[in-house]
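What follows is the residue order along each chain.
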Amino acid sequence: MAGLGATGALALTGCAQPRSVAEQVITADSQLRVLNWPDYVDPSLIASAVEVDVDYSEEWADNYTGQDLFGAQWDVVMPTNWLAAQLIAAGQVEPLPLELIPNHVNIAADYLTNGWDRGARFHMPWQAGITGIAYDPALTGRELTSIEDLFAADLRGRVAMIGEMREAVGMAMLANGDDPARPTPSTAEAGFDRLQRAGSDGQFASWGFNEFADQLRSGSVAAAMAWSGDVVQLQADRPDIQFIVPDNGAIRWFDTMVIPKGASNVRWATQWMNNFYDPAVAAANTSFVQYISPVIGVQDELRAQGAESAALADNPILFPDGETRSRLFTWGGFDDTDAENDLDERFAIWAGVA
Amino acid sequence: MRSLAVFTVFATLVAGVLGWVLADQLTDNTDQLAESTGEVLVVNQQVQASFAEAHAAAVSVHLAGPSGNREQRRIYESAIERAASGLERVAASVGDDPESHAALEQVAALTTRYVSLVESARSSAIADDASGNAVIAEAGDVTRNQISPQVDLVNRRFQTKLADETGGGGFIVTFVIFAALLILLGLGQFWLYQRFHRIINVPLLLATVAVIGWLVYSGSVYVAQRQAFDTADGDAYQSIEASGGLLDLAFTHRAAENAAVLAGASSVDSVVMDDRTATESRLDAVVGLADTSREGALAGEVRTRWDRYVVESSAIEVALGAGNVAEAERITSGSANDAFNAFNATAEALLLDNRQQFFDEVDYAVDLVRWLRWIIIAVTVIVAVLVWSGYSLRLREYQ
């Protein structure tokens, strides 16, 4: 009767057998479709990543507006941590079939303890970065050490800012003594107020995204809120540019691989993920993109490669020490996603990056 | 014949009423399991693990001295928040069980005391006052020896309820009642055949088919529900218990190890090593309980991450043995913390996977019996009408 039990009861009651994470359907197709940010992978690593053709796109729309990530059009997409948290909470992401990703064990500890996905059952970080402060000592005339320096009177009108709400407001929250890893609407609004006050005083020269690197290179600004990876690349031309994690902290963010719900090629998406969590492959990609790798073993791999790679292994921006890491905060998200998105919209309009 | 017709219809209605009562009880039990018992048992494991995680982090913060450790402090605060919200969920799910409510009230009071002890120890550490060491040790005693037994008490009460609610007694009695009705219908058909030499009475035959259909349906629901309960209780809940126990032991070891470093002990206490050995043997049990390739992969990852932590733990032991307390502190608050946090998060992922499996199976069991009561009423009415019309046919013929 057991067989009859399963089918008979199903037919008569119309209820489906539970499909727990242990019984996930693994779809497969002859092509893997990957959507990523621009210049975020060593092109030589794409073709060898999986055994099927890869349709690799870098056309990730700014601020994710009007871009459909779901359905069968993408198998792997790379949202930033806060968006990944929202997508996972909304049930728009497939659980990772961990039995097909043995290198999942190489995810570094920092990326496993996020409250929105403890143990990383739904995502695997691609690359991480620090939003800190970069400055030209010749133009500031002094050493910068804290977030307050971005608001200092002697730098008025000579500071470039990044128009990502969670990073800019997060930095302002740190300056206020609040914790962006556990933001509330009131602490975040206080951070936004601080930015608005400084903005109306003419403190900031500009709001943008990667533009701060060119502005520092040309000397049009003296200091900038800055992404660590862009600064590492900038330092190749301008080794005098300094990058700091301020005393009162900085924002750590990461872009992370997820499989959208309804993806038609889960099987090869897992092979893609597993491949990029091989320390040798991850080290090669880190050498190319020069952001922080979330893969355990990459530093040792770079050292073993010698030459320029070994120099990267000793770069404190790519491999921050324990003391520095204890001052890094990853945006934790509001309990109310709508309230967070509302603040995001108001911020983007105010900063002129909408 | 009229008496037999009345008796059979009456027996059908009695079977229907009894079936309704038993199905109602079965549905209530299954709903109770989904909304109360299962929730209490699963969340209790997470509460225990959260308290243990909070204390391991609190000791790490204390160990860092006046400057503290912001990352560990964040872990401590998050774990206490998770424990508190878990306790709220348990309190909302225990229903009208006074003993559980009394135990939970005690836990709430002890949690307040625990938090105040940790804050007091923190104040001492900021003032560089060594008396904080005894205070943080007392806080550890509150979690281990006062909070934990109260949570265990609630757990034991709900484990008994789990056994009651997953029992299949009601189903079997209903099955037997309708099997008896089937026999009665068969005997009626046989009596009519002998008395009137009619091979088949169509309405009675249809009534018999309806009862057989009901028996097949209820039997299939019973089997599917047993399978769901077996998976929920036997596989998922056992794994949840094992993962919760693993986390508890691991945190105990971690807190004791931190305390040894804090005391600058010349070597790690044998109790600490016993905790580590107990954790490893519990880890074997967790790996052994993995019944799918996904669970096996996750359990394997938990083991790998524990092994990485043991490497760091051994380095702490060596440093303490050599009298190099500064090195032991550096490892404890650095690479050992990273390795332990990774182990902790992975073990929690395993627990979350099993939690999802548990509730998927329980929800499925709820869905299976959702229409049982209404189907019993429908079958009863149909059979009663068919029986009456079957005998009426013969009565008219006879008259």
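These numbers come from a predicted model, not from an experiment.

Novice: Explanation requested: the sheet that holds strand β1 (residues 31–35) of chain A in the structure shown.
Specialist: The strands that make up a sheet pair up through hydrogen bonds in the backbone, lying either parallel or antiparallel. All names here are of chain A. If you trace the 3 strands from one edge of the open sheet to the other, you get β2-β1-β3, paired in parallel fashion. Strand pairing shows two members of the sheet lacking a second neighbour, β2 (53–57) and β3 (76–77), which therefore form its edges. Two strands pair when backbone bridges link them, and β1 and β2 are joined in this way by 5 bridges, in the parallel orientation. Note on β2: the bridge partner recorded for V34 is Y56. Strand contacts of helix α8 (residues 266–276): β1, β2 and β3, with the helix running at about 60° to β1, the strand carrying the most contacts.

Novice: Where do I start with empty space enclosed by the protein in this structure?
Specialist: Taking a probe equal in size to a water molecule and rolling it over the atoms shows the remaining empty space. All names here are of chain B. What the rule picks out here adds up to 6 cavities of 30 Å³ or more. Its boundaries defined by the atoms lining it, the largest cavity holds a volume of some 70 Å³. Elements represented by at least two residues in the lining of the largest cavity include exactly α1 (2–63), α2 (70–93), α6 (202–263) and α10 (335–369).

Novice: It is not clear to me how the environment of N344 of chain B should be interpreted in this structure. Could you clarify?
Specialist: Assignment of secondary structure puts N344 of chain B in helix α10. Along the chain, N344 of chain B and L283 of chain B lie 61 residues apart, while their C-alpha atoms are 12 Å from each other. Residues within four places of N344 of chain B in sequence aside, it is in contact with R118 of chain A together with E53, L247 and F251 of chain B.

Novice: I'm lost on the environment of D338 of chain B in this one. Help?
Specialist: With respect to the helices, strands and loops of the structure, D338 of chain B is situated in helix α10. A sequence separation of 18 residues divides D338 of chain B from L320 of chain B, and the C-alpha atoms of the two residues are 19 Å apart. In this view, D338 of chain B contacts A109, D110 and R325 of chain A; residues no more than four positions away in its chain are not counted.

Analysis parameters
- Each chain has its residues counted from 1, running along the sequence as written.
- Chains carry letters and ligands carry numbers; both start at the beginning, A for chains and 1 for ligands, and go up in the order they are written.
- Whole-chain, interface and lining totals are the exception, using all residues; otherwise, since this is a predicted model, local features are given only for residues with pLDDT of at least 70 and side-chain atom pairs are given and counted only at 80 or more.
- For the side-chain quantities, the full set of heavy atoms in the structure was used; hydrogens and water were omitted.
- Think of it this way: DSSP has to see at least two bridges between two strands before they count as a pair.
- Only DSSP runs of H or I covering at least 4 residues are called helices, and only runs of E covering at least 2 are called strands; the numbering of each starts at the N terminus.
- The criterion used for residue contact is that any of the two residues' heavy atoms lie within 4.5 Å.
- Note on definitions: angles span 0 to 180 degrees between N-to-C directions of axes, and those axes are lines fitted to C-alpha atoms, for helices only across the stretch in contact.
- We place a 1 Å grid over just the protein atoms. Points where a 1.4 Å probe fits but has no way out form a cavity, open points with protein on both sides within 12 Å along at least 5 of 7 lines form a pocket, and any residue with an atom within 4 Å of a point lines it.
- Grid points are joined across faces, edges and corners, and a volume is the space filled by probe spheres set on the points.

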